[in-house]
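Remarks on the overall topology
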Amino acid sequence: MRQYSGADVSGLTRFSKQKHPLYVGILGLIAIELSVVALLTVSCLYLMLTAPAWPPAGLEPAPLLWPSINLGLLIASMAAMRVAGNRITAGDRRGLIVGLLTAVSLHALVLVFRSLEMAAYDFRWDDHVYGSLMWTISGFHFTHVASAIVGTLVVAILAVKGYFTPERQLGVVVDTLYWNFVSAAWIPFYLALYWGPRLI
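So, here's what we can say about the structure.

1. Here we look at the overall build of the protein
When its secondary structure is counted, the protein shows six helices and zero strands. Secondary structure elements of the protein occur, N-terminal to C-terminal, as α-α-α-α-α-α. For the protein, whose C-alpha radius of gyration is 21 Å, the value lies well above the compact-globule estimate of 16 Å for 200 residues. In terms of principal-axis extent, the alpha carbons of the protein reach across some 85 × 30 × 30 Å.

Encoded structure:
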């Protein structure tokens, strides 16, 4: 019988969670995207403060109902992801799956309501700068919510297959970081787009 020689690698050190390349990489990605969020928000505020009328004459400020409901859904989804992370830390795989799918469902509702809201815009993206900002920011956030759903569904499939354990949950941690960023990014957009025209 043929025998192979090997090395015992059980004593090798492992990356701690906060030093793992995947963890550092997602923080870098969030930092880059955070700069885009800040740029869009500041651009919106600058144009709002310097334009003769905001929104342009003949337009009312965008309705608050659906964006406010979406804000509530996004915050609730962050809580669901927190619960999911806590459950896998406790070794509860079913709780992880339920938390992940709950969060995905809440984000899916956000996409539905955002689609209805955008479909009701009575201006095109190229009608004026107000329209350009509304479409750009809404589309930017829509795309990120959709990408967070795809990523979390992959994590949920891995969870169903039993990949994650209390000791092996980096994928859940990284996915939760990005999820929370995407959800919280709506707060400055919501304030600038929907409350700004009413308060300034």
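2. Considering a nonpolar patch on the surface
Taken together, Leu45, Leu49, Ile187, Leu191, Trp195, Leu199 and Ile200 make up a surface patch of nonpolar side chains, about 690 Å² in accessible area. At the level of secondary structure, the elements contributing two or more residues to the nonpolar patch comprise α1 (21-50) and α6 (186-199). It is α6 that contributes the most residues to the nonpolar patch, four residues altogether. In this fold, Leu199 is placed in helix α6. Accessibility expressed as a relative area gives 67% for Leu199, which makes it exposed.

3. With respect to helix α3 (residues 93-119)
Between its first and last C-alpha atoms α3 spans 39 Å; for 27 residues at 1.5 Å apiece the expected length is 39 Å, and the two agree. With a side-chain oxygen positioned 3.3 Å from the backbone nitrogen of Arg94, the residue opening α3 is Asp92.

4. Some points on the packing of aromatic side chains
Per the counting criterion, the structure on display carries eleven aromatic pairs. Plain terms: the ring middles of Trp54 and Tyr130 are 5.3 Å apart, the flat faces sit at 80° to each other, and that makes the pair edge-to-face. With Trp54 in the loop between α1 and α2 (65-89) and Tyr130 in helix α4 (residues 129-160), this residue pair connects regions lying 76 residues apart in the sequence. Assessed through its relative accessible area of 2%, Tyr130 is described here as buried. For the ring pair Trp186 and Tyr194, a centre distance of 6.0 Å and an interplane angle of 55° mean the geometry is tilted. Residue Trp186 shares its accessibility class with Tyr194, and that shared class is buried. Above the face of the Trp186 ring, Arg114 is positioned so that its terminal group lies 4.0 Å from the ring centre. Here Arg168 stacks its cationic end above the ring of Tyr163, 4.1 Å away from the centre of that ring.

5. A few points about the packing of α4 against helix α5 (residues 170-184)
Direction vectors running N to C along α4 and α5 enclose 160°, while the axes themselves pass 10 Å from each other. The angle between α4 and α5 places the two elements in the roughly antiparallel class. α5 is crossed by α4, and the crossing has left-handed handedness. Of the residues in α5, those in contact with His141, His144, Val145, Ser147, Ala148, Ile149, Gly151, Thr152 and Val155 of α4 are Gly171, Val172, Asp175, Tyr178, Trp179 and Val182. Taken together, the residues that form the contact of α4 with α5 break down as eight nonpolar, six polar and one charged.

6. Section: the nonpolar core
Among the nonpolar cores identified, the biggest contains 56 residues, and Leu96, Leu100, Met134 and Tyr194 are the most heavily contacted of them. Within the residue set of this core, elements represented by two or more residues are α1, α2, α3, α4, α5 and α6. Counting residues per element, this core draws most heavily on α4, which supplies eleven residues. Excluding its chain neighbours within four sequence positions, the residues that come into contact with Tyr194 are Ala62, Pro63, Leu64, Pro67, Glu117, Tyr121, Met134, Ser138, Trp186 and Phe189.

Thresholds, definitions, all that
Residues numbered from 1 in each chain as written. Predicted model: local features only at pLDDT ≥ 70, side-chain atom pairs only at ≥ 80, totals over all residues. Heavy atoms only, no water. Helix = DSSP H or I, 4+ residues; strand = E, 2+ residues; numbered from the N terminus. Rg over C-alpha atoms; globule rule 2.2 N^0.38 Å. Patch = residues over 30% accessible without salt bridge, like charges linked within 9 Å, V, L, I, M, F, W, Y side chains within 5 Å. Areas by Shrake-Rupley, 256 points an atom, 1.4 Å probe, with all protein chains shown as cover. Salt bridge = Lys/Arg side-chain N within 4 Å of Asp/Glu carboxyl O. Buried < 20%, exposed > 50% of the residue type's maximum accessible area, 1.4 Å probe, protein only. Expected span 1.5 Å × (residues − 1). Polar contact = N/O pair within 3.5 Å; in protein donor to acceptor, adjacent residues only side chain to side chain. Phe/Tyr/Trp six-rings, centres within 6.5 Å; stacked < 30°, edge-to-face > 60°. Lys NZ or Arg CZ within 6 Å of the ring centre and 35° of its normal. Axes fitted to C-alpha atoms, helices over the stretch in contact; angles between N-to-C directions. Parallel < 35°, antiparallel > 145°, perpendicular 65-115°, else oblique. Left-handed = near helix turned anticlockwise from the far one by under 90°. Contact = heavy atoms within 4.5 Å. Nonpolar A, V, L, I, M, F, W, Y, C, P; charged D, E, K, R; others polar. Core = buried A, V, L, I, M, F, W, Y, C linked by side-chain atoms within 4.5 Å.

Function cannot be inferred from these measures alone, as they are strictly geometric.
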